[in-house]
Amino acid sequence: MNLNDAELGKEYIVSDVKTDGDEEMESFLFSLGCYSGEAITVVDKQKKTLVVSIKDARYSIDQELAAAILI
């Protein structure tokens, strides 16, 4: 299941990040602290974005990035 399928307010553990070889996307997600074994929570869902909490910080990510984050 990917992050787009997550319930609001529930903490999940990132199981994998599938970027299909897109090094820029992988590097960006890693810089946010989003990698295997890290806790992540969806705080809010908008039309085309998700607000997520990673390591006590909040980020707005689009659905393409959310689809790459497996939980």
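Calculation notes
Residues numbered from 1 in each chain as written. Predicted model: local features only at pLDDT ≥ 70, side-chain atom pairs only at ≥ 80, totals over all residues. Heavy atoms only, no water. Helix = DSSP H or I, 4+ residues; strand = E, 2+ residues; numbered from the N terminus. Rg over C-alpha atoms; globule rule 2.2 N^0.38 Å. Buried < 20%, exposed > 50% of the residue type's maximum accessible area, 1.4 Å probe, protein only. Contact = heavy atoms within 4.5 Å. Lys, Arg positive; Asp, Glu negative; His and termini not counted. Charge placed at Lys NZ, Arg CZ, Asp CG, Glu CD. pLDDT = per-residue confidence, 0-100. Phe/Tyr/Trp six-rings, centres within 6.5 Å; stacked < 30°, edge-to-face > 60°. Salt bridge = Lys/Arg side-chain N within 4 Å of Asp/Glu carboxyl O.

1. Remarks on the overall build of the chain
Looking only at helices and strands, the chain has two helices and six strands in total. What you see in the chain, going N to C, is helices and strands ordered as β-β-α-β-β-β-α-β. Relative to its length of 71 residues, the chain is compact, with a C-alpha radius of gyration of 11 Å against a globular reference of 11 Å. Taken along the three principal axes of its C-alpha coordinates, the chain extends 30 × 25 × 20 Å. In the chain, which comprises 71 residues, the share counted as buried stands at 37%. Sequence separation of at least 24 residues holds for 55% of the intrachain contacts in the chain that already meet a minimum separation of 6. For the chain, the centre of its 7 positive side-chain charges and the centre of its 14 negative side-chain charges are spaced 8 Å apart.

2. Examining the confidence of the model for the chain
Chain-level statistics for the chain give a pLDDT mean of 94 and a share of 100% at 70 or above. Mean pLDDT across the secondary structure elements of the chain bottoms out at helix H1 (residues 23-32), with 91, and peaks at strand S1 (residues 11-13), with 97.

3. Things to note about the packing of aromatic side chains
Under the defined criterion, the tally for this structure stands at one aromatic pair. With a centroid separation of 5.1 Å and an interplanar angle of 40°, the aromatic rings of Phe30 and Tyr35 are classed as tilted.

4. Notes on the environment of Ile69
With respect to the helices and strands, the residue Ile69 is situated in strand S6 (residues 69-70). Along the sequence, Ile69 and Val17 sit 52 residues apart, while their C-alpha atoms lie 4.8 Å from each other. Apart from the residues lying within four places of it in its own chain, the contact partners of Ile69 are Met1, Asn2, Leu3, Val14, Asp16, Leu29, Cys34 and Ile61.

5. Focus: the pattern of salt bridges
In this structure the tally under the stated criterion is one salt bridge. Close ionic contact of Asp16 with Lys18 constitutes a salt bridge, the shortest N to O distance being 3.3 Å. A residue is classified by how much of its surface remains accessible, and Asp16, at 27% relative accessible area, is partly exposed. Judged by its relative accessible area of 46%, Lys18 falls in the partly exposed class.

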